[in-house]
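Spelled out, the chains give:
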Amino acid sequence: MTRLMTGQVAPHPPSDAVESVARSGGLPPLAEPLIVGYGNDLRCDDAAGVLVARKLAAQWPQARVIVTRQLTLDLADDLAQLGQVVFVDAYAAQVPSDGLRIEKIDLDAFGMLPTLGHRVSPAVVVHLARTLFGTQTEAWVLGVPAFCFAAGEKLSPQTQCRIDEAVALIGARAFSAV
């Protein structure tokens, strides 16, 4: 797991595409959130979350970013110290026109969370932070459409485009001058 943690950031102007996604009710303005990008960078498009997080860290060196292959329970400690988090991951897209998916994690809507197994979901990490530390961290999952999960490091053109859109969206909502 690569941890890149920081503070204040430089402004970055939003693009038209970012504004249209933001207006659709997805990602609200954010105040210095933690960005957790995860996925397998040896499985082509599955690296989308990792690549978004790395690009955000490179463009905004002050951003708080965690890059990891999979979510682990110790991330609850990182969430406990912050008010907002955006988890970024790839999702299996159906058609090339599939876009970014943004979902707010609402623990009250989950009811009973699944028991732990070999996978940890963003909701489980947020729930654990709330249970152990009493935090009320706001959390979103930003899904980047992915088309190829074969072994390799080459991205599909559609996923590369959506990675750039995700970086612009998060940058505009979290790291632009208010």
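Scroll up for the structure.
About the cut-offs
Residues numbered from 1 in each chain as written. Predicted model: local features only at pLDDT ≥ 70, side-chain atom pairs only at ≥ 80, totals over all residues. Heavy atoms only, no water. Salt bridge = Lys/Arg side-chain N within 4 Å of Asp/Glu carboxyl O. Helix = DSSP H or I, 4+ residues; strand = E, 2+ residues; numbered from the N terminus. Buried < 20%, exposed > 50% of the residue type's maximum accessible area, 1.4 Å probe, protein only. Polar contact = N/O pair within 3.5 Å; in protein donor to acceptor, adjacent residues only side chain to side chain. Contact = heavy atoms within 4.5 Å.

Caption draft 1: Structural view of the pattern of salt bridges. Per the counting criterion, the structure on display carries 6 salt bridges. One salt bridge in this structure joins Glu32 and Arg64, with 3.4 Å as the shortest N-O distance. With Glu32 in the loop between helix H1 (16-23) and strand E2 (34-38) and Arg64 in strand E3 (residues 64-68), this pair connects stretches of sequence that are 32 residues apart. Among the residues examined, Glu32 registers a relative accessible area of 28% and is labelled partly exposed. Between Glu138 and Lys104 there is a salt bridge, and its shortest N-O distance comes to 3.8 Å. With Glu138 in strand E6 (residues 138-146) and Lys104 in strand E5 (residues 101-104), the pair connects residues that are 34 residues apart, well separated along the chain. Residue classification places Lys104 among the partly exposed positions, given a relative accessible area of 47%.

Caption draft 2: How the structure looks around the side chain of Thr135. Within the secondary structure, Thr135 is located in the loop between helix H5 (122-133) and E6. A distance of 3.3 Å separates a polar atom in the side chain of Thr135 from the backbone oxygen of Ala129. Those residues in contact with Thr135 that lie beyond four places of it in its chain are Ala80, Ala129 and Arg130.

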